[in-house]
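Letter by letter, the chains look like this.
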Amino acid sequence: MDLDRLLATLRDVVGAAHVVTDPSVTEGQVVDWSGRFRGATPAVVRPADTPQVAAVVAACNEARQTVVAQGGNTGLVGGGVPLHGELLVDLRRLDALAPVDRRAGQVTAQAGVTIGALQAHARAAGWAYGIDLGARDSATVGGTIATNAGGVHVVRYGPTRRQVVGIEAVLADGRIISRLEGLEKDNTGDDLAGLVCGSEGTLAIVTAARLRLVPLPPNAATALLAFDAVDDALDAVGELRRSLDSLQAVELFFADGLDLVCEQLALPSPFDAPHTAFVLVEVAVANDPVGLLASACARLGGVADTVVADDTRRRHLLWRYREGHPEAINRLGAPHKLDVTLPASAMGEFVATVGARVADVAPHARTWLFGHAADGNLHVNLTGLDPDDETADDAVLRFVADLRGSISAEHGIGTAKRRWLPLVRSPAEIETMRAIKRALDPRGILNPHVLFPSVAATSTPADAAGG
Ligand SMILES: Cc1cc2nc3c(=O)[nH]c(=O)nc-3n(C[C@H](O)[C@H](O)[C@H](O)COP(=O)(O)OP(=O)(O)OC[C@H]3O[C@@H](n4cnc5c(N)ncnc54)[C@H](O)[C@@H]3O)c2cc1C
């Protein structure tokens, strides 16, 4: 089937208004949030429901047309934009939310529902959704499942995979699989929802999910702690995890990032004096969260200064210092965004030396660090680099692998990190993942250019990672 015939079929399925081919209209959807990854597409197709998604995918499979699923387009690894001329399937019209099942503590949400809308819906019923992230008002249920998103509450509730009870999804040939009954116990073979979670749109297109909710956190308090030594900040993270079972978030950032956020977002400095490292900590508990937080912080060593907030406005401001990092860094030009996990024992060495390793290979680059400290997850942002210059990325990711960390904590592999996958996944693991991909998508139409390194790279990891 040629492209014109395929587009005619797709217009029959979703209506002509929802097959958009005008590049001036699709422009915002072919470039990623960071501005680093830009592609082109023959069309953005906007199905309204699961049968339409199934018919669209079936027609593309028949025509051997590659597709990329897109939700909020907040992914940071170039996985949700059509970098090789794929057709874009925009899931955002699938935005229905069923009433909260109060007995089960679950809700069924369609793929295009934003995390912010899901949170508000759960809250109105006296529940909460365990995932929260800076991109909440754009990132979707489908996109967060496809990337197994983490965010700021992983320390308490785990990543997206832990919230998913079941999914409905469209396979590459257009068949629909659906397990939305919400059975907490269902040992009847392979966990297909778990398989799709984190598969970055390569195995199926998620159309809906049955999601576990968590009790609405009671009163919350937030503290920003300043340290003059990074080691003291890292020790504090461990001690906070040990001593506070009501911990919701423990975030980490550094003096240069804080200064940049204050300058770019016109925020007042939170402290009178300069400090080296900052830990943002939040607890949620029924009685006296401020007292609990204050006494836990008083037991920590090396705290140079503290700001505590328990009202929404001041808590929001403390969070701006952390969540403002991506926006402030983006204003310096499209960054290379790396997102790594480190063993707790290696975090100090990494923080102390990664900047110098980058400077060795890319003297004009600047290295910015911030992240979800309780999970050992640091976002390494590099500015001052050409979009295609991966020398510094290579140095950082090799360093992470040497320290036995992960090259992707929560953003996924996408196109940005596929060549480095063999640093952290064995040939046997990659071949197993490929076999699953071949079985579910034999024609390779679903997001075929993400996740996997080239075949040569898989068989010779050392060469490939250096290539
Ligand atoms: C300011 C900011 C803060 C962020 N903070 C965090 C954070 O704390 N934690 C974190 O984990 N991430 C974070 N991210 C990254 C991003 O928000 C997540 O990766 C999110 O899960 C992407 O959701 P999305 O709907 O925007 O997906 P998209 O960007 O549209 O797509 C991402 C991937 O999922 C696939 N996909 C999308 N929808 C579907 C679907 N329905 N079915 C199958 N595949 C699909 C795409 O093909 C692509 O591979 C942040 C991003 C920004 C911009």
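Residues numbered from 1 in each chain as written. Predicted model: local features only at pLDDT ≥ 70, side-chain atom pairs only at ≥ 80, totals over all residues. Heavy atoms only, no water.

Further remarks concern the overall build of the chain. Along the chain, the regular secondary structure elements total 17 helices and 17 strands. Against the globule reference of 23 Å for 467 residues, the chain gives a C-alpha radius of gyration of 22 Å, in line with a compact fold. Once the C-alpha set of the chain is aligned to its principal axes, its extents read approximately 65 × 55 × 45 Å. Evaluated residue by residue, the chain yields a buried proportion of 54% over its 467 residues. Look at the contacts in the chain between residues 6 or more apart in sequence, and 73% of them connect residues 24 or more apart. Per element, the accessible surface of the chain, about 19,200 Å² overall, is 50% carbon and sulfur. Here the chain contributes 42 positive and 56 negative side-chain charges, whose respective centroids are spaced 5 Å apart. (Helix = DSSP H or I, 4+ residues; strand = E, 2+ residues; numbered from the N terminus. Rg over C-alpha atoms; globule rule 2.2 N^0.38 Å. Buried < 20%, exposed > 50% of the residue type's maximum accessible area, 1.4 Å probe, protein only. Contact = heavy atoms within 4.5 Å. Areas by Shrake-Rupley, 256 points an atom, 1.4 Å probe, with all protein chains shown as cover. Lys, Arg positive; Asp, Glu negative; His and termini not counted. Charge placed at Lys NZ, Arg CZ, Asp CG, Glu CD.)

A full pass over the atoms with the stated rule returns 21 salt bridges. A salt bridge links Arg 92 to Asp 90; the nearest nitrogen and oxygen atoms lie 2.9 Å apart. (Salt bridge = Lys/Arg side-chain N within 4 Å of Asp/Glu carboxyl O.)

The sheet built from four strands is open, its strands ordered β1-β2-β4-β3 with mixed pairing. If you trace the sheet from one side to the other, it starts and ends with β1 (19–20) and β3 (67–70), each paired once. Sheet topology places β1 next to strand β2 (residues 44–45); two bridges connect them, and they run antiparallel. Each bridged residue has a counterpart across the sheet, and for Val 19 the counterpart in β2 is Val 45. (Pairing = 2+ DSSP bridges.)

Let us now look at the site of the ligand. Close to the ligand lie 35 residues, the nearest being Ala 69, Gly 71, Thr 74, Gly 75 and Thr 140. Side-chain polar atom of Thr 147 to an oxygen atom of the ligand: 2.7 Å apart, as the coordinates give it. Calculation on the ligand without its partners gives an accessible area of 970 Å², and the protein chains cover 96% of this total. Secondary-structure elements contributing two or more residues to the shell around the ligand are β3, α5 (141–147) and β9 (205–212). (Near = heavy atom within 4 Å. Polar contact = N/O pair within 3.5 Å; in protein donor to acceptor, adjacent residues only side chain to side chain.)

As a further point, take helix α10 (residues 289–298). Every buried residue of α10 is accounted for by Pro 289, Leu 293, Ala 296 and Cys 297. Projected down its long axis, α10 shows its buried positions confined to an angular sector of 95°, all on one face. Packing partners of the buried residues in α10 comprise β11 (220–227), α8 (230–243), β13 (277–284) and β14 (303–309). (Arc of directions from axis to C-beta.)

Further remarks concern the packing of aromatic side chains. Evaluated as defined, the whole model comprises three aromatic pairs. Where Phe 271 meets Phe 278, the ring centres are 5.9 Å apart and the plane angle is 15°; that geometry is what we call stacked. Phe 278 shares its class with Phe 271; the two are buried. The ring of Phe 399 carries the charged tip of Arg 357 above its face, separated from the ring centre by 3.7 Å. (Phe/Tyr/Trp six-rings, centres within 6.5 Å; stacked < 30°, edge-to-face > 60°. Lys NZ or Arg CZ within 6 Å of the ring centre and 35° of its normal.)

Here we take up the packing of helix α1 (residues 3–14) against helix α3 (residues 50–63). Direction vectors running N to C along α1 and α3 enclose 170°, while the axes themselves pass 9 Å from each other. Taken together, the axes of α1 and α3 are roughly antiparallel relative to one another. Along the contact surface, α1 presents Leu 6, Thr 9, Leu 10, Val 13 and Val 14, while α3 presents Gln 52, Ala 55, Val 56, Ala 59, Cys 60 and Ala 63. Counted by class, the contact of α1 with α3 contains nine nonpolar, two polar and no charged residues. (Axes fitted to C-alpha atoms, helices over the stretch in contact; angles between N-to-C directions. Parallel < 35°, antiparallel > 145°, perpendicular 65-115°, else oblique. Nonpolar A, V, L, I, M, F, W, Y, C, P; charged D, E, K, R; others polar.)

Moving on: the side chain of Thr 41. On the secondary structure map, Thr 41 appears in the loop between α2 (23–26) and β2. From its side chain, Thr 41 meets the backbone oxygen of Glu 86 in a polar contact 2.6 Å long. One polar contact links the side chain of Thr 41 to the main-chain amide nitrogen of Leu 88, over a distance of 3.4 Å. With sequence-adjacent residues up to four places away left out, Thr 41 is seen in contact with Thr 26, Val 30, Pro 82, Glu 86, Leu 87 and Leu 88.

With that settled, the discussion passes to the confidence of the model for the chain. Scored by pLDDT, the chain comes out at a mean of 94, with 97% of its residues at no less than 70. In the model, residues 457–467 has pLDDT below 50 throughout and makes 18 contacts with residues more than four positions away in sequence or in other chains. (pLDDT = per-residue confidence, 0-100.)

Core analysis: the largest hydrophobic core is formed by 54 residues, its most contacted members being Leu 225, Leu 240, Val 279, Phe 350 and Val 396. In this view, Val 279 contacts Ala 223, Leu 224, Leu 225, Phe 227, Ala 233, Val 237, Leu 240, Val 250, Glu 251 and Leu 252; residues no more than four positions away in its chain are not counted. Val 100, Leu 118, Ala 193 and Ala 204 belong to the second largest nonpolar core, which has 27 residues in total. (Core = buried A, V, L, I, M, F, W, Y, C linked by side-chain atoms within 4.5 Å.)

This paragraph deals with unusual backbone geometry. A negative phi angle characterises most non-glycine residues, just as the trans form characterises most peptide bonds. If you check the backbone angles, Asn 148 has positive phi at about 50° while not being a glycine. Following the sequence through the fold, Asn 148 ends up in the loop between α5 and α6 (154–157). The phi dihedral of Asp 288 is positive, around 50°, even though this residue is not glycine. Mapped onto the elements, Asp 288 comes out in the loop between β13 and α10.

Quick look at the pairing of strand β15 (residues 336–341) now. The buried fraction of β15 is high, at five of six residues. In the sheet, β15 pairs with strand β17 (residues 377–383) via six bridges, with the strands oriented antiparallel. Across the sheet, Leu 338 pairs through a bridge with Val 380, a residue of β17.

Taken in spatial order, the four strands make up an open sheet running β5-β9-β7-β8, and their pairing is antiparallel. Two strands close off the open sheet at either side, each with one partner strand: β5 (106–110) and β8 (176–178). Sheet twist, expressed as the average angle between the axes of neighbouring strands with direction ignored, equals 15°. Sheet analysis places strand β7 (residues 164–170) next to β9, joined by six bridges and oriented antiparallel. Residue pairing in the sheet places Val 170 in a bridge with Ile 205 of β9. α3 contacts β7, β8 and β9 of the sheet and is inclined by roughly 50° relative to β7.

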